[in-house]
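Descriptive analysis of the structure
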Amino acid sequence: AQSVTQLDSHVSVSEGTPVLLRCNYSSSYSPSLFWYVQHPNKGLQLLLKYTSAATLVKGINGFEAEFKKSETSFHLTKPSAHMSDAAEYFCVVSEGDTGRRALTFGSGTRLQVQP
Amino acid sequence: EAGVAQSPRYKIIEKRQSVAFWCNPISGHATLYWYQQILGQGPKLLIQFQNNGVVDDSQLPKDRFSAERLKGVDSTLKIQPAKLEDSAVYLCASSPRGAIGTGELFFGEGSRLTVL
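Because the structure is a prediction, the values reported are computed rather than measured.

1. Remarks on the state of the cysteines
For the structure on display, the rule yields two disulfides over all chains. With a sulfur-sulfur separation of 2.0 Å, Cys23 of chain A is cross-linked through a disulfide to Cys91 of chain A. Linking Cys23 of chain A and Cys91 of chain A, the disulfide has an S-S dihedral of approximately -70 degrees and is accordingly described as left-handed. Placement of Cys23 of chain A in strand 4 (residues 23-26) and of Cys91 of chain A in strand 10 (residues 87-95) is noted, with a sequence separation of 68 residues between them. Per residue, the accessibility class of Cys23 of chain A equals that of Cys91 of chain A, and both read buried. A sulfur-sulfur distance of 1.9 Å marks the disulfide that ties Cys23 of chain B to Cys92 of chain B. Handedness of the Cys23 of chain B-Cys92 of chain B disulfide follows from its S-S torsion of about -70 degrees: it is left-handed. Of this pair, Cys23 of chain B sits in strand 3 (residues 19-24) while Cys92 of chain B is found in strand 9 (residues 88-95), placing the two residues 69 residues apart along the sequence. Taking relative accessible area as the criterion, Cys23 of chain B reaches 0% and is therefore assigned buried.

So this is what it looks like as structure tokens:
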């Protein structure tokens, strides 16, 4: 069975400082891992994905994540936070047959960016 | 390119009433998903369609929830009768045929249901 744990329900940073959103996963197979972002009253949007290629994955808006199999982690980082980064972030794991892969979402981390 | 369209955006009903949500996926997307997102939780898959066939409905409460995707395009999700615990945002997502299982889903803005 697959699962993800987002270690922080809320993270608050100041504009211009680094962002770290933590995610640990559990999977019986080689998983695919994703980060999605949800801005208020907007649909979920894919930020980045890991699918067994390079372990350091770059996404949109300056975000990146590193897949660490030994630590079963897939933390999301950004060197410098912007006010527009304030949103809910979801870590997602996917495994199973290609045609039936289920996405399992974490419970989310709300990022606040202070001016 | 138009995104995933959902309606209504908001719905308030009393328990034991029925409600229906509609979704129009991105043109050409073969796969359509319905997710339930309860406040404070991540989205949970209810049902996945490939064209107009069901791929996965293992987490759909079939005693009260039903969904269909006629002609492999639009989809409706119905709840009858509604319970208080059905209060949630219902998200529709779609993906192109080649993206099955890759996690690249395109989500609508959701339909927020409040059951009183």
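2. Digging into the confidence of the model for chain A
Across chain A, the average pLDDT comes to 90, with 94% of residues at 70 or higher. Confidence, read as mean pLDDT per element, is least for strand 11 (residues 102-105) of chain A in chain A (82) and greatest for strand 3 (residues 19-21) of chain A (98).

3. With respect to the confidence of the model for chain B
Scored by pLDDT, chain B comes out at a mean of 91, with 93% of its residues at no less than 70. When mean pLDDT is compared element by element in chain B, strand 8 (residues 75-79) of chain B scores highest at 98, while strand 6 (residues 53-56) of chain B scores lowest at 88.

4. Focus: the packing of aromatic side chains
Residue and element names in this part refer to chain A. Taken as a whole, this structure holds 13 aromatic pairs over all chains when the rule is applied. Relative to Phe74, the ring of Tyr50 has its centre 6.4 Å away and its plane inclined at 50 degrees; by these criteria the two rings are tilted. Separated by 24 residues along the polypeptide, Tyr50 in strand 6 (residues 45-50) and Phe74 in strand 9 (residues 73-78) bring together distant segments of the chain. Here Tyr50 matches Phe74 in class, with each residue buried.

5. Topic: the pattern of salt bridges
All names here are of chain B. On inspection of all chains with the given rule, the structure shows eight salt bridges over all chains. Among the salt bridges present, the one from Asp57 reaches Lys62, with a minimum N-O distance of 3.8 Å. Between Asp86 and Arg64 there is a salt bridge, with its nearest N and O atoms 2.5 Å apart. Of this pair, Asp86 sits in the loop between strand 8 and strand 9 while Arg64 sits in the loop between strand 6 and strand 7 (65-68), and the two are 22 residues apart along the sequence. For the pair shown, Asp86 and Arg64 are each scored as buried.

Criteria and cut-off values
- Residues numbered from 1 in each chain as written.
- Chains lettered and ligands numbered in written order.
- Predicted model: local features only at pLDDT ≥ 70, side-chain atom pairs only at ≥ 80, totals over all residues.
- Heavy atoms only, no water.
- Disulfide = S-S within 2.5 Å.
- Helix = DSSP H or I, 4+ residues; strand = E, 2+ residues; numbered from the N terminus.
- Buried < 20%, exposed > 50% of the residue type's maximum accessible area, 1.4 Å probe, protein only.
- pLDDT = per-residue confidence, 0-100.
- Phe/Tyr/Trp six-rings, centres within 6.5 Å; stacked < 30°, edge-to-face > 60°.
- Salt bridge = Lys/Arg side-chain N within 4 Å of Asp/Glu carboxyl O.

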